[in-house]
Amino acid sequence: MALSFDFLCYRRSNEQQYLSIKSESYITFFFQISYSASSSLLSDRNQFPSFFRTMPSDDFQAQGLVQLLIHFGWTWIGLLAEDSDYGQQGAHIVQEELTRAGACVAFFETIPTNRVESNTFHIAWVIKNSTANVVVIFSTDYIMIPLLDELVQQRVTGKTWVSTDGWTTSTLLSDEKYSEILSGTLGFDINSGHVHSLGEYFTKINPLNSPDYFYIRQFWEVVFGCKWPDPEVPLNMQNSTTVMCTGNEKLDSVYAHLNNFTTFRIKYNIYTAVRATANALHDMMSCRSGSGPFYNGICVDSADFQPWQLLHYIRNVRLPRKDITEVFFDKDGNPPPRYDIVNWQKWPQGTVWHRKVGEYDGSAPIGETLLFNVSALLWTKGSRKVPLSVCSPSCPMGFRKAAIQGKPICCFQCVLCPQGEVSNQTDSVECFKCPWDQWPNEKQDKCRLKTIEFLSYDEPLGTTLTTCSILFSVLPLSILAIFINCRNTPIVRANNRSVSYLLLLSLTLCFLSSLNFIGHPTKEKCLIRQAAFGIIFALCVSCILAKTIMVVIAFNATKPNSDLRRWVRPQLSYMVITVCTLTQVLLCASWLIMSPPFPEYDIHTQSGTVIAECNDGSQIAFWFMLGYLGLLATISFIVAFLARKLPDSFNEAKFITFSMLAFLSVWLSFIPAYLSTRGKYMVAMEVFAILASSFGLVSCIFFPKCYIILLRSEMNTKGYLMGRGASLTKKVKHI
């Protein structure tokens, strides 16, 4: 049986004629492969189920052009399209894809295919006055000539043209008079490929060896710019200015140039179509029985087969290429969307060279579809700097884009980010707030870490307070050593020796408790520092209160028939200290259980600064704790003040009065200062109050004793103490 299928190749000029043919007649009998038809309508498998092509659909070209535009940052684009399916469909796809990509169309003008000159002045005026510097033209070359003539007349230069395969490598537009306008053009063209043995064939053809092949003689005239002598006209009668072809010209010298001709791109599509058909036939005829693609694994009889059977093989054909990529047909009959990217570069003599500078492969992974030789690109007027085409200049970092009412989204104004917000990239749509621990810099283009403020050991204030705390803590320990060394002297025994020891130890702890307030606040520090301070100071003041009470009781116990004699015992001092201290312990324990302090970061008080501090949990508990200390100190002050004039050569009550007066003065002054400061200075105020009040107690109570012990030893005698207050001394010397 004879081969019953048609292999049809259609040029773009015949697309409309093809589309008008009822495709139903081909479903059963024919498959078609086109080498030049690019209309997107031909991808409709419902209408054209057996149509294939080696020319990518215009849909792919439009999508690739948009990727090219976005790649160079062009968002303000002019569109020109000839009044045909090729021009209008392609341009509208570009418009839709640009909108989807966030770019805008500055203008959309149609080039009429009939009476082209009727609209050229208007289109040239629009291009000239538009702020869009990049114009995409979906057209064929001959339709553009009247428009280019008008652009030359109006001297429209400085625009970058993006071309489609209809004119990207047009020799018709490569004329010197258009070079000033079109130099720098960038566009897509049909993907070139290697035709096996084509070079060998070219170098061997010669019209002298094949005189009957008229097309070879024509080809020879085009390539070498010569004319064959007319055999019917005598040589002496022919035009002497015309270069005559001899047949001895060598194609070797021009083959490299010939391989770049546009016609060879089309020829490669034809070559691919023929290869696809041949491979399908080969695959069909190479089928082995039992492994065929049809029912029960049967193969096709190569001498008697149906077109639909060969159609199966054409759908699954795979053609290897020299560049390792493959040619195949997708479910819509389209080949892989591959294009060459061509740059129009002006030569010194004024002509234009169509230089391949990259490739577009729509089947490649995202981000790898465009491949460029950036160093090879030349833009308009020979510049190597990528031209700009935007409606509004980019908003720098620190600003955001704000839409202008009535304008496209690509036209905007730049607005400075609000206080406290940043934008860290150009053309930001919105600003954002920095993380809680960061703050905008002066330009508002980045977030920088806020200064974390706390009373640090490393800063001068923290170092000074730490040094004072440690040095001052040595003072009561030194006094304790003196008292222990002189424990049997009258002045030590007369001042309630054991309570004095406990008071000196508690004062040492008072000085050291201030260290809990210095350094970065941690959970442990925050939990214990106020409680430790309150309990230690309660112990300290309780010792002073116990000493004061014992002085008063001891004096009143000397009166005849006094009931207070049985209370003049050391146990009373310990009981006062225990009860008073335990009350503070219970108060602090309740505080820590019900509302414990915790570390926190204050980001609102000072702009650009994070205050690391301890939240006391319950301010009421804090002031109760401090108020209780004040109550103990007030009681001690009142009792000591009333006992200050008791007859004794060394009455301790007056020194306790001064110590409590100093203690209360410090803490009363602390309250307003504490409430009016924040951050590390608030903590420093509390540390200062702890050190000052502790030093006041040490100096007022123990310095006079140390003065007598160390410098006035004659006063540290039993006789001196028994002078005016012998009776009182006898009562208290063993307490």
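Residues numbered from 1 in each chain as written. Predicted model: local features only at pLDDT ≥ 70, side-chain atom pairs only at ≥ 80, totals over all residues. Heavy atoms only, no water.

What about the overall build of the protein?
Part 1 of the argument: Looking only at helices and strands, one finds 22 helices and 21 strands in the protein.
Part 2 of the argument: When each of the 735 residues of the protein is scored for burial, the buried share is 48%.
Part 3 of the argument: Counting only contacts in the protein whose residues sit at least 6 apart along the sequence, the fraction spanning at least 24 positions is 66%.
Part 4 of the argument: Only carbon and sulfur atoms are counted for the fraction: they give 59% of the accessible area of the protein, which is about 36800 Å². (Helix = DSSP H or I, 4+ residues; strand = E, 2+ residues; numbered from the N terminus. Buried < 20%, exposed > 50% of the residue type's maximum accessible area, 1.4 Å probe, protein only. Contact = heavy atoms within 4.5 Å. Areas by Shrake-Rupley, 256 points an atom, 1.4 Å probe, with all protein chains shown as cover.)

Points about the pairing of strand E21 (residues 609–615)
Part 1 of the argument: Of all seven residues making up E21, six are buried, and the element is well covered by its neighbours.
Part 2 of the argument: Examined bridge by bridge, strand E20 (residues 598–602) and E21 share five bridges and lie antiparallel to one another. Within E21, the residue paired with Pro 599 across the bridge is Cys 614.
Part 3 of the argument: In textbook terms, the turn of a hairpin is the stretch between consecutive antiparallel strands, and for E20 and E21 this stretch comprises six residues, one of which, Gly 608, has a positive phi near 80 degrees. (Pairing = 2+ DSSP bridges.)

Observations concerning the nonpolar core
Part 1 of the argument: Core analysis: the largest hydrophobic core is formed by 68 residues, its most contacted members being Phe 483, Phe 533 and Trp 667.
Part 2 of the argument: Counting residues per element, the ones that place at least two in this core are helix H13 (460–485), helix H14 (490–493), helix H15 (497–513), helix H16 (523–556), helix H17 (570–594), helix H18 (619–642), helix H19 (653–676) and helix H20 (680–711).
Part 3 of the argument: Membership of the second largest hydrophobic core comes to 31 residues, among which are Ile 77, Val 162, Tyr 339 and Ala 376. (Core = buried A, V, L, I, M, F, W, Y, C linked by side-chain atoms within 4.5 Å.)

Points about the packing of H18 against H19
Geometry of a packed helix pair, given as the angle between the helix axes and the separation of the axes.
Part 1 of the argument: For the pair H18 and H19, the least separation of the axes is 8 Å and the interaxial angle reads 150 degrees. In this view, H18 runs roughly antiparallel relative to H19, as classed from their interaxial angle. Where H18 crosses over H19, the handedness of that crossing is left-handed. Contact with H18, carried on its side by Phe 622, Trp 623, Leu 626, Leu 629, Gly 630, Ala 633, Thr 634, Ser 636, Phe 637, Ala 640 and Phe 641, involves Ala 653, Ile 656, Thr 657, Met 660, Leu 661, Phe 663, Leu 664, Trp 667, Phe 670, Ile 671, Tyr 674 and Leu 675 of H19 and no other residues of that element.
Part 2 of the argument: Looking at the contact of H18 with H19 residue by residue, the class counts come to 19 nonpolar, four polar and no charged. (Axes fitted to C-alpha atoms, helices over the stretch in contact; angles between N-to-C directions. Parallel < 35°, antiparallel > 145°, perpendicular 65-115°, else oblique. Left-handed = near helix turned anticlockwise from the far one by under 90°. Nonpolar A, V, L, I, M, F, W, Y, C, P; charged D, E, K, R; others polar.)

With respect to the state of the cysteines
Part 1 of the argument: Taken as a whole and judged by the stated rule, the model has eight disulfides.
Part 2 of the argument: Through a disulfide, Cys 226 is tied to Cys 245; the S-S separation comes to 1.8 Å. Taking the torsion about the S-S bond as the criterion, the Cys 226 to Cys 245 disulfide, at about 100 degrees, is right-handed. Taken together, the positions of Cys 226 in the loop between helix H9 (214–224) and helix H10 (255–258) and Cys 245 in the loop between H9 and H10 put the pair 19 residues apart, joining distant regions of the chain. (Disulfide = S-S within 2.5 Å.)

Quick look at the pattern of salt bridges
Here the idea is simple: oppositely charged side chains can pair when their charged atoms come close.
Part 1 of the argument: Counted under the stated rule, the structure contains 11 salt bridges.
Part 2 of the argument: The partner of Asp 332 in a salt bridge is Lys 331, and the shortest N-O contact between them spans 3.4 Å.
Part 3 of the argument: Close ionic contact of Asp 361 with Arg 338 constitutes a salt bridge, the shortest N to O distance being 3.6 Å. Here Asp 361 is found in strand E11 (residues 352–361), whereas its partner Arg 338 is found in strand E10 (residues 338–346), with 23 residues between them in sequence.
Part 4 of the argument: Since its relative accessible area comes to 12%, Arg 338 is described here as buried.
Part 5 of the argument: Sharing partners across several salt bridges, the network here consists of Asp 340, Lys 356 and Glu 359. (Salt bridge = Lys/Arg side-chain N within 4 Å of Asp/Glu carboxyl O.)

Here we look at the packing of aromatic side chains
Part 1 of the argument: In total, this model carries 29 aromatic pairs according to the counting rule given.
Part 2 of the argument: Sitting over the ring of Trp 228, Arg 217 keeps its end group 4.4 Å from the ring centre.
Part 3 of the argument: Directly above the aromatic system of Phe 702 lies the positively charged group of Lys 705, at a separation of 5.4 Å from the ring centroid. (Phe/Tyr/Trp six-rings, centres within 6.5 Å; stacked < 30°, edge-to-face > 60°. Lys NZ or Arg CZ within 6 Å of the ring centre and 35° of its normal.)

Observations regarding H15
Part 1 of the argument: For H15, spanning 17 residues, the distance from its first C-alpha to its last is 24 Å, which sits close to the expected 24 Å at 1.5 Å a residue.
Part 2 of the argument: Taken together, the buried positions of H15 are occupied by Val 499, Ser 500, Tyr 501, Leu 503, Leu 504, Ser 506, Leu 507, Thr 508, Cys 510, Phe 511 and Ser 513. (Expected span 1.5 Å × (residues − 1).)

What about the sheet that holds E10?
Part 1 of the argument: On the basis of which strands lie adjacent, the open sheet formed by eight strands has the order E4-E3-E5-E6-E7-E10-E11-E12 and mixed pairing. The sheet is open, and its two borders are formed by strand E4 (104–111) and strand E12 (370–372), each paired with just one other strand. In this sheet, neighbouring strand axes are inclined to one another by 30 degrees on average, regardless of whether the strands run parallel or antiparallel.
Part 2 of the argument: In this sheet, E12 lies alongside E11 in antiparallel orientation, the contact comprising three bridges. Bridge pairing links Gly 358 to Phe 372 in E12.
Part 3 of the argument: Helix-sheet contacts for helix H3 (residues 58–71) involve strand E3 (76–82), strand E5 (134–138), strand E6 (160–163), strand E7 (186–190), E10, E11 and E12, and the interaxial angle to E5 is about 170 degrees.

Quick word on the sheet that holds strand E19 (residues 451–453)
Part 1 of the argument: The strand order across the open sheet formed by three strands is E19-E21-E20, and the pairing between neighbours is mixed. Both outer strands of the open sheet, E19 and E20, are each paired with one neighbouring strand and no more. Neighbour-to-neighbour, the strand axes of this sheet turn through a mean angle of 25 degrees, independent of strand direction.

Comments concerning the side chain of Ser 389
Part 1 of the argument: With respect to the helices and strands, Ser 389 occurs in the loop between E12 and strand E13 (399–403).
Part 2 of the argument: On the basis of relative accessible area, Ser 389 is assigned to the buried category, the value being 1%.
Part 3 of the argument: Separated by 2.6 Å, the side chain of Ser 389 and the backbone oxygen of Trp 76 make a polar contact.
Part 4 of the argument: A polar contact is formed between the side chain of Ser 389 and the backbone nitrogen of Val 134, at a distance of 3.3 Å.
Part 5 of the argument: Those residues in contact with Ser 389 that sit more than four places away from it in its chain are Gly 73, Trp 74, Thr 75, Trp 76, Ala 132, Asn 133 and Val 134. (Polar contact = N/O pair within 3.5 Å; in protein donor to acceptor, adjacent residues only side chain to side chain.)

Quick word on the environment of Pro 112
Part 1 of the argument: The topology assignment puts Pro 112 in the loop between E4 and helix H5 (117–129).
Part 2 of the argument: According to the relative accessible area criterion, Pro 112 is buried, its value standing at 16%.
Part 3 of the argument: In sequence terms Pro 112 and Ser 84 are 28 residues apart; their C-alpha atoms lie 8.5 Å from each other.
Part 4 of the argument: Apart from the residues within four sequence positions on either side, Pro 112 is in contact with Asp 83, Ser 118, Asn 119 and Ile 143.

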